[in-house]
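Fold and contact review
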Amino acid sequence: CKSLTTITIPDSVVIIDASAFNSCSNLKKITIGNSVREIGQSAFMSTAIEEAVIPNSVVSMGKSVFSNCASLSTVTIGSGVYSIDLYAFDGCHNLVEVYCKPSYPPMIYAYGNNNNGFFGVFPMDTTLTIYVPRASYDIYTQYTKQNVIVNEMHKENWGLYTDRIQPFD
């Protein structure tokens, strides 16, 4: 798929399967149809995508879904997203803006402990700002629950990003 530069996922598609476009190194633009409910693990990993708009129909985003997308700078996460798995945007060193539209924080994952540091959904080595709905700002910034801990995996941990969260209208 090295010659693939743009892709439009039609409204007839419900699931973008794991690794569907993984390593399509020249893929710069995606348009995801409004019927897609799941985006699988590593679906767009290591592509040249510059902007990602996740429609409101999407409920879950798999592990490493956009990992190593070095050109990715802006992401809009639709209001229907319920969970975003570990490393979703890991290695996206140019990611500076995420617009997270759900009124209630999606379940996100973090891994690690105080000895080896934490790894999560969003990169920690960028000037990333996460914009959330103004009416939900307090929920996002106070939502640091770590209610499920298995092998040091922490679900629902927005606490890693509290200082990066800003409200938008």
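Everything discussed here concerns the structure shown above.
First things first, this report covers the structure right here in the doc. (Residues numbered from 1 in each chain as written. Predicted model: local features only at pLDDT ≥ 70, side-chain atom pairs only at ≥ 80, totals over all residues. Heavy atoms only, no water.)

1. A word on the overall build of the chain
Each helix and strand counted, the chain has one helix and 15 strands in total. In the chain, which comprises 169 residues, the share counted as buried stands at 46%. Total accessible area on the chain is roughly 8000 Å²; 47% of this is exposed by carbon and sulfur atoms. (Helix = DSSP H or I, 4+ residues; strand = E, 2+ residues; numbered from the N terminus. Buried < 20%, exposed > 50% of the residue type's maximum accessible area, 1.4 Å probe, protein only. Areas by Shrake-Rupley, 256 points an atom, 1.4 Å probe, with all protein chains shown as cover.)

2. Here we look at unusual backbone geometry
You will see that Asn 68, though not glycine, has its phi angle at about 60°, which is positive. By the secondary structure assignment, Asn 68 is in the loop between strand 6 (60-61) and strand 7 (74-77). By relative accessible area, which is 38% here, Asn 68 ends up partly exposed. One non-glycine residue, Tyr 87, adopts positive backbone phi at about 60°. Residue Tyr 87 is classed as partly exposed on the basis of its relative accessible area of 22%.

3. Examining the sheet that holds strand 12 (residues 129-133)
Strand order in the open sheet formed by five strands is 5-7-9-12-15, and the pairing between neighbours is parallel. Only two strands of the sheet have a single neighbouring strand rather than two, namely strand 5 (51-54) and strand 15 (165-168). Taking the axes of each pair of neighbouring strands and ignoring which way they run, one obtains an average angle of 15° across the sheet. Two elements, strand 9 (residues 97-100) and strand 12, share three bridges in a ladder whose sense is parallel. Bridge pairing links Tyr 99 to Tyr 131 in strand 12. (Pairing = 2+ DSSP bridges. Axes fitted to C-alpha atoms, helices over the stretch in contact; angles between N-to-C directions.)

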